[in-house]
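Survey of secondary and tertiary structure
Given next are the chains, with one letter for each unit.
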Amino acid sequence: MKTIGNILWFIFGGFLSGLSWWFAGMIWCITIIGIPYGRQCFKFASMSFCPFRKEIVYGGGAPSTLANIIWLIFFGIVMAFGNLLIGMLWCITIVGIPFGKQFFKIAKLALTPFGARIVTLR
C-alpha cells in the first residue's frame, strides 16, 4: 500500500512540490548564511517526493533550537498551518486519510526542521 501511496503522491503533486523545494534549497545555498536553510529545504524535498515509508526522528541541541526558533517565526507557522489545513481536507474522505496523515507529518516537520532526520522504513 505504501508503494502505491508514493506513486499516487508523486503523480498528483509530489513531483512538483519536491522540485519546488529542491529549487528553493538551491537558491538558499547561494549565500553562505543561507546554507543551513537550504539544507532544510532539501529535507522537505525528500519528504515531498515520497513521504510514505519515511519517518522523522527529532533530536539536536542548542544550535538547532536557536535555528528552529528563527525558522518558526519566519516560515514555520505559515507552512505548518497550510499543511495542517490541507491534511484536514484530505481526511474528510476515508480514501484520503493516508494522504492527510502525510500532510500532518510534513506540518510537524515544518515547525521544527532543524535537528530532525528523515529515516526510511522498510
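See above for the structure.
Notes on the structure follow. Small disclaimer: the values here were computed from a predicted structure and weren't measured.

Examining the pattern of salt bridges
Within this structure, the stated rule accounts for 1 salt bridge. Across the pair K105 and E55 runs a salt bridge, and its minimum N-O distance is 4.0 Å. With K105 in helix 4 (residues 97–111) and E55 in strand 1 (residues 54–58), this pair connects stretches of sequence that are 50 residues apart.

A word on helix 3 (residues 62–90)
Here helix 3 spans only 36 Å end to end across 29 residues, well under the 42 Å set by a 1.5 Å rise per residue. Within helix 3, burial applies to S64, A67, N68, W71, G76, M79, A80, N83 and G87. Against helix 1 (2–28), helix 2 (35–49) and helix 4 lie the buried residues of helix 3.

Notes on the packing of aromatic side chains
Scanning the entire structure with this criterion turns up 19 aromatic pairs. With a centroid separation of 6.4 Å and 45° between ring planes, the pair formed by F15 and F49 is classed as tilted. Remark: F49 occurs in helix 2 and F15 occurs in helix 1; sequence separation between them is 34 residues. Among the aromatic side chains, those forming a connected cluster through ring pairs are W21, W28, Y37, F44, W71, F74, F75 and F114.

Rules behind the numbers
Residues numbered from 1 in each chain as written. Predicted model: local features only at pLDDT ≥ 70, side-chain atom pairs only at ≥ 80, totals over all residues. Heavy atoms only, no water. Salt bridge = Lys/Arg side-chain N within 4 Å of Asp/Glu carboxyl O. Helix = DSSP H or I, 4+ residues; strand = E, 2+ residues; numbered from the N terminus. Expected span 1.5 Å × (residues − 1). Buried < 20%, exposed > 50% of the residue type's maximum accessible area, 1.4 Å probe, protein only. Contact = heavy atoms within 4.5 Å. Phe/Tyr/Trp six-rings, centres within 6.5 Å; stacked < 30°, edge-to-face > 60°.

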